[in-house]
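What follows is each chain in one-letter form.
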Amino acid sequence: MTERTEHTAMATRTATELTALQQQVAVLVDRAEIAGLIDRYLLSLDALPGGAGFDDDWARSLFTESAA
């Protein structure tokens, strides 16, 4: 294998690895954002503005009709 061929093969492998890493990072970011959303929601059930407790109307306001 010539030096140029080795360089091209390494660049291709590196580009493929970079794409795979970008996809993995995107999955991890999605998971972290979902976990953060769930954490904020669950914590807010105990600490609603004005010191109020859990309220069905308040909880429904967080979701769309199709999700509720």
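See the structure shown above.
> Explain the overall build of the protein chain to me, and be specific about the residues and the numbers.
The secondary structure content of the protein chain amounts to 2 helices and 0 strands. Within the protein chain, buried positions represent 7% of all 68 residues. Carbon and sulfur atoms form 60% of the exposed surface of the protein chain, whose accessible area is close to 6100 Å².

> Tell me about the pattern of salt bridges, residues and numbers included.
Evaluated as defined, the whole model comprises 1 salt bridge. Residue Arg13 is joined to Glu17 by a salt bridge in which the shortest nitrogen-to-oxygen separation is 3.8 Å. In this pair, Arg13 and Glu17 both sit in helix 1 (residues 3-46), 4 residues apart, roughly one turn of the helix. Residue class for Glu17 comes out partly exposed when judged on its relative accessible area of 43%.

> I'd love a proper account of a nonpolar patch on the surface, names of residues and values included.
A contiguous nonpolar surface patch, about 280 Å² in accessible area, is contributed by Ile34, Ile38 and Leu42. Note on placement: Ile38 falls in helix 1. Here Ile38 falls in the partly exposed class, since its relative accessible area comes to 45%.

> Residues and numbers for the environment of Tyr41, please.
Within the secondary structure, Tyr41 is located in helix 1. Given the relative accessible area of 23%, Tyr41 is considered partly exposed. For the pair Tyr41 and Ala59, spaced 18 residues apart in sequence, the C-alpha separation works out to 9.1 Å.

About the cut-offs
- Residues numbered from 1 in each chain as written.
- Predicted model: local features only at pLDDT ≥ 70, side-chain atom pairs only at ≥ 80, totals over all residues.
- Heavy atoms only, no water.
- Helix = DSSP H or I, 4+ residues; strand = E, 2+ residues; numbered from the N terminus.
- Buried < 20%, exposed > 50% of the residue type's maximum accessible area, 1.4 Å probe, protein only.
- Areas by Shrake-Rupley, 256 points an atom, 1.4 Å probe, with all protein chains shown as cover.
- Salt bridge = Lys/Arg side-chain N within 4 Å of Asp/Glu carboxyl O.
- Patch = residues over 30% accessible without salt bridge, like charges linked within 9 Å, V, L, I, M, F, W, Y side chains within 5 Å.

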